Structures are given as structure tokens and as C-alpha cells.
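Each chain is listed here by its residues.
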Amino acid sequence: MSSYTENLINQIIEASDGKDWDSAVSEWVIEDCIEDEDHSSCCICGKEELRFLYTIRNQYNGKELFPIGSRCIRKFGRGDMDEDTSLYELLFKLLHALRDRKRIELTRDYFSRRLLRHLYDQDAFKPTEYNDNDGYNDYEFMLNMFNRRSPMTEKQRRKVNAIIYFSIKPHLENVLANKTKKVQECPQKS
């Protein structure tokens, strides 16, 4: 077992009600994620050069641990936490592609059913005259287009682009605006 893994296990057990790894890992949920674009932060286990820094919270005692990297989260062996890390990382990937003015298509490169649902749950699809003043209509349209097996019509493609650039992009810029930054430098090793 590596020293990183030992450090992770010790930190998690120390902050948990359960006193062994198997019971301790079930107590934690992902609370938030920020991105260190400089990769200059360290995980609670000691691993350096993290990009995605997660905050996890113990559901039973309220303790939080930060920063923890996605590799350490995968060591929890919990599919729900793995899905959450994938969702956060996809959100940041989409935001960067939009900022870099890349051509964004409604494909698995940038979207998933879970991401679309997350965006809907976070009110990214605002009521407008174009969706009969109901954001759910845009969510449902995007989900149908994402699931579609045949090519979109030009009209459908224009509507998808409008939703991406006039609803999703401003939402991501607003929500993730303070979550892409240099967080903390790792201590210098002697």
C-alpha cells in the first residue's frame, strides 16, 4: 500500500464515526468541486499537482475534508461518488470549451443524460418565450436530441445551439466563475 493510500485511509477514518475503512467510506458525500488550472494543489493524502479539488462532507458528523482528488475519491469504491466526479469534470470541460469558442455539439464529448438533468435541476434552462415560459421544455428537447439516433434537422441544430449558448453557457459561467482558480500551493518537500 502506498503512503498516499495510507494517508487517505487515516484521514478518512479519523474524521468518520466508523472506525474502519469499509464503514467510514459510506459516511461521505461530495459537497463541491473547484478546479486548479495551475495544478499546484495537494490532496489530503499528499499527492501533488491536482486539477480537480473536491470537498467531501461526512453525512453523520458534518466534518468536511478538502482538498481531495478524484483518484482518492475513486478509492472509496462508490459508484455514486464516481458519477459525481465525472459530472463535475464534464461541467468544467464544457465551460472551457465554451470559453475557448470551440464548436460544441450535443454529443458524449460534452454532454450526458445526467449532466442535462443536473443543468435542469440547477435552473440552467430559464423560462423564455421560446420555450413557452417553461425551462422543462428546453431540458426535454435537449434530452430528446441527445438520445436521437438520426441526424438533427437544421432547425433542431439551431435550437440546440441557442440553448447551449444562451442558457447553458451563462449558467456555467455564473455557477463556475469562482471555481476555477489557483487554490493552494503544496508545501515544499525537503
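Before any of the text, the structure's been laid out above.
About the cut-offs
Residues numbered from 1 in each chain as written. Predicted model: local features only at pLDDT ≥ 70, side-chain atom pairs only at ≥ 80, totals over all residues. Heavy atoms only, no water. Buried < 20%, exposed > 50% of the residue type's maximum accessible area, 1.4 Å probe, protein only. Helix = DSSP H or I, 4+ residues; strand = E, 2+ residues; numbered from the N terminus. Pairing = 2+ DSSP bridges. Salt bridge = Lys/Arg side-chain N within 4 Å of Asp/Glu carboxyl O.

J.: Provide a residue-level description of the pairing of strand 2 (residues 52-58), including the pertinent values.
T.: Counting buried positions along strand 2 yields six of seven residues, so the element is predominantly enclosed. Bridging between strand 1 (residues 28-35) and strand 2 involves seven bridges; their strand directions are antiparallel. Among the inter-strand pairings, D32 is bridged to a residue of strand 2, identified as T55. Sheet analysis places strand 2 next to strand 3 (residues 64-68), joined by three bridges and oriented antiparallel. Opposite Y54, over in strand 3, you have I68 as the bridge partner. Hairpin connection of strand 2 to strand 3: five residues between the antiparallel strands, including G62 at a positive phi of 80°.

J.: Just give me the short version of the pattern of salt bridges, but keep the residues and values in it.
T.: The full count for this structure, using the stated rule, is eight salt bridges. A salt bridge links D80 to R78, with the shortest nitrogen-to-oxygen separation between them at 2.7 Å. Here R78 falls in the buried class, since its relative accessible area comes to 14%. Here D84 makes a salt bridge to R114, at a shortest N to O gap of 2.6 Å. Separated by 30 residues along the polypeptide, D84 in helix 4 (residues 79-99) and R114 in helix 5 (residues 113-121) bring together distant segments of the chain. Look at the salt bridges and you will find they share partners, linking E83, D84 and R114 into a network.

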